[in-house]
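# Survey of secondary and tertiary structure
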Amino acid sequence: MGKPKHEGSSAPSNDWFESDLCDTLPCLLYAIDHDRRLRRWNEQLAMRTGYGDDEIGEMHAYEFVPEDERPVIENVTRTVLERGETGTVESSLLTKDGRRIPHEFSWSPIKDDAGAIVGISGMARNISEQKRRENELQQYETLFETINDGVFVLDADLRYTAVNDAFVEMTGYDRDQLLGLHASVHSTEEGFRRGEQLALEIANGERDVASLESEFVKKDGTLLPTETRFTYLQKDEAETIVGVVRDVTERRNREQTLRKQRDELKTLNRINVVIRELVWALVSAATREEVERTVCTHLADSDLYHFAWIGERDGKTGGVDVRTEAGIDDGAHELFKTRDEEGEWERPASEVLRTGELTVINDIETDDRFPKSIQRTIANNTIRSGIAVPLSHGPTIYGVLVAYAARTNAFSEREADGFEALGELVGFVIDAVESKRLLFADRVVELDFRVTDETSFFITLSKEFGATCTLEEVIPGKDGTLLEYTRIEGVPTEDVLERAKKSDAIRRIRPVEETLFEVSIAKASPVLTLAEQGASVTEAVAEDGTARIVTEVPADTDIRSLVEPFKKAFPASELAGKHERERPARTVDELRAELEGDLTERQLAVLQAAYMAGYFDWPRASTAEDVADALGVSSATLHQHLRKAEKKLLTAFFSE
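What you see is a predicted model; the values in this text were computed from it and never measured. Residue numbers run consecutively from 1 along every chain, following the written order of its sequence. Note on the predicted model: pLDDT of at least 70 is required for a residue's local features to be given, and 80 or more for side-chain atom pairs to be given and counted; whole-chain, interface and lining totals, by contrast, use all residues. Side-chain metrics in this entry use all non-hydrogen atoms of the structure; hydrogen atoms and water are not considered.

This part covers the pattern of salt bridges. The term salt bridge refers to a side-chain nitrogen of Lys or Arg lying within 4 Å of a carboxyl oxygen of Asp or Glu. Going through the model one piece at a time under the given rule, you end up with 35 salt bridges. Notably, a salt bridge pairs E55 with K96, separated by 3.2 Å at the nearest N-O pair. With E55 in helix 3 (residues 53–58) and K96 in the loop between strand 3 (87–94) and strand 4 (100–111), the pair connects residues that are 41 residues apart, well separated along the chain. Residue burial is assigned from relative accessible area. The probe radius is 1.4 Å, only protein chains are included, and a residue is buried under 20% of its type maximum, exposed over 50%, and partly exposed in between. Accessibility expressed as a relative area gives 34% for E55, which makes it partly exposed. By relative accessible area, which is 46% here, K96 ends up partly exposed. Within the structure, one salt-bridge network assembled from shared partners comprises E213, E215, E227, R251, R252 and E255. Per the convention used, a helix needs a DSSP run of H or I reaching at least four residues, while a strand needs a run of E reaching at least two, with both numbered from the N terminus.

Here it is, written out as structure tokens:
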């Protein structure tokens, strides 16, 4: 037992504190006087704090308590000394090395023979383990209530004895309604049977934890896909079941999406094979008819689609005229051509020709865009879905491609993207075939247009300044632009450049010679519009607000299909003349055709641009950098194309 530093005269002399007995007790025992000095203590104080008895005898009682907790201890001490009340408080015992050990301090007054309070006797119990268990329990309770999954506890009769908030929210019941409820109310018959089998396997030692995927029955009767993991726990000699329920709706949807994506990927791979074969077949197609027949045949011959056809707008009726078709559609195509008995409706193919936008029908039988009469009839047909794609190149729509499939939702977003690319490819090939046909045609139709539409830069310029604008050369530019070399007379160069800055149609303009301008034009150009529709512009002059534009097209061209889109783009225009003529057989033309056949499209464009820009003049009117900038390519690329083109021209000239 710790000895006092000195004996106070008022200290009791009886042996109320036997050393041997006190030192063997697990609790810390002590006695302090009015000055808060330790008068007696057992060995537990030295053992727990790390101080020696001599050190303890010199210390104030509060030195064994952390400074931030001393006000509470002082309050209890004062109450005991002044009122004689007993007290208990939880605080920390501060060790010599600064550690805090949780203790429960209980105190009572020490009185002398006259009943006066002369000190305090106390006991401190180490509650570290108790605090650890409390913290652990609190952590479990926090986890139990904050976990996103539903947690439940069942008794031996399979009735709920505890549930967390997530489980309550999942079921739709109130907590009071759940407690005591039998677990079978949340299981389907099949799910409960499987759960019983898994519980039996746990009881037989075949598994420690069971996992069950089933449908969870909510209070309102709706089914929730869940995964439940549960096991047995022993508590107070009774078995309980503890389980966790997880809502797997999102996972199921994700798995379903992945399965769908895998199926789509397989389909896309098959589509890519079809398109790849189709591209190779289109390379050798010599006519538009052959191009269209090749497309429809390849699609119909695949196991993906039952029927395919290509149509164009009928100039007389405004409807859709079929050009070619392939496959077997069980009469669906003819069905779609009929009029709705309940009123007029626009066929998807006709809508595509009008808007230029792709359209997909994933389920013809239920799609609201189809009349009821067709939906009733299509039920007996194998066709279930379809896609209509514009065949376009630039602003020109050459027709519409329609494909039918025998399955619903056959055209996913990615599959539709593939068809859209196919439509652009076919439109490009048709444009190339038509341009080639024009180039080698023996007979052509010459169309003479008169245009007064002031959206045109050159028409406006001629009207405002009395200028004469004469087109000398036109070259296809980059990104849908046209590079025009135009001679503008009767107006100062500064005024031309200033006026061009205010025009949205002009991408770039620069003077090449005194009156010759190089103009990159993107829109609101009659010449550009006609060129994009496959016509060859042979003459274009704008004077006094009126432009005369002469074009050539093959003799068998549908003139209406060219004129109508042009007049739609430029309402203030008219077809002033049309006559057919034969092209004279000229050696120069033959040579030029042969050379143009040898040159690539880019080599020809670079050569023409360099020539018109005065690159070959001496001194040069334009540098290589000027021409490259106009074409939107690097100087190195320009030189590469130019040298190759020059070599081909010189080879043809010097060869036999």
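Picking up where we left off.
Moving on, we come to the sheet that holds strand 12 (residues 320–327). Whether two strands pair depends on DSSP finding at least two bridges between them. Pairing in this open sheet of 5 strands is antiparallel, and the strands run 12-11-15-14-13 from one edge to the other. Sheet topology places strand 12 and strand 13 (359–361) at the edges, where each strand pairs with a single neighbour. Each adjacent strand pair in this sheet contributes to an overall mean axis angle of 20°, direction not counted. The sheet contact formed by strand 11 (residues 307–313) and strand 15 (residues 396–405) spans 5 bridges and is antiparallel. In the sheet register, W309 faces strand 15, and the bridge partner there is V402. By definition in these notes, contact holds between two residues if any of their heavy atoms fall within 4.5 Å. Interaxial angles span 0 to 180 degrees and are taken between N-to-C directions of axes, which are lines fitted to C-alpha atoms, for helices over the stretch in contact. The strands touched by helix 10 (residues 288–301) within the sheet are strand 11, strand 12 and strand 15, with strand 12 carrying the most contacts at an inclination of about 50°.

On the surface, a cluster of negative charge is contributed by E357, E413, D417, E420 and E424. The class of E424 is partly exposed, set by a relative accessible area of 47%. Here a patch means residues that are over 30% exposed by relative accessible area and free of salt bridges, tied together within 9 Å if like-charged and within 5 Å if nonpolar (Val, Leu, Ile, Met, Phe, Trp, Tyr). For every accessible area listed, the method is Shrake-Rupley and the probe measures 1.4 Å; residues are considered covered only by the protein chains on display. Two residue types count as positive, namely Lys and Arg, and two as negative, namely Asp and Glu; His and chain ends fall outside the count. By convention, the charge on Lys lies at NZ, on Arg at CZ, on Asp at CG and on Glu at CD.

A cavity, in this analysis, means grid points on a 1 Å lattice covering only the protein atoms where a 1.4 Å probe fits yet has no way out; a pocket is instead an open set bounded by protein on both sides within 12 Å along at least five of seven lines, and a residue lines either one if it has an atom within 4 Å of a point. Grid points are joined across faces, edges and corners, and a volume is the space filled by probe spheres set on the points. Counted according to the given criterion, the structure contains 3 cavities of 30 Å³ or more. Lining the largest cavity are 14 residues; nearest its centre among them are Y30, A61, F64, V65 and F105. If you tally residues by element for the lining of the largest cavity, the top one is strand 1 (residues 28–33), at 3 residues. Residues are grouped as follows: Ala, Val, Leu, Ile, Met, Phe, Trp, Tyr, Cys and Pro are nonpolar; Asp, Glu, Lys and Arg are charged; all remaining types, including Gly, are polar. For the lining of the largest cavity, the class distribution of residues is 13 nonpolar, 1 polar and no charged. In this structure, the second largest cavity encloses a volume near 150 Å³. Along the wall of the second largest cavity there are 17 residues; nearest its centre are F458, E484, V527, A540 and A542. Residues of the lining of the second largest cavity, tallied by class, amount to 12 nonpolar, 4 polar and 1 charged.

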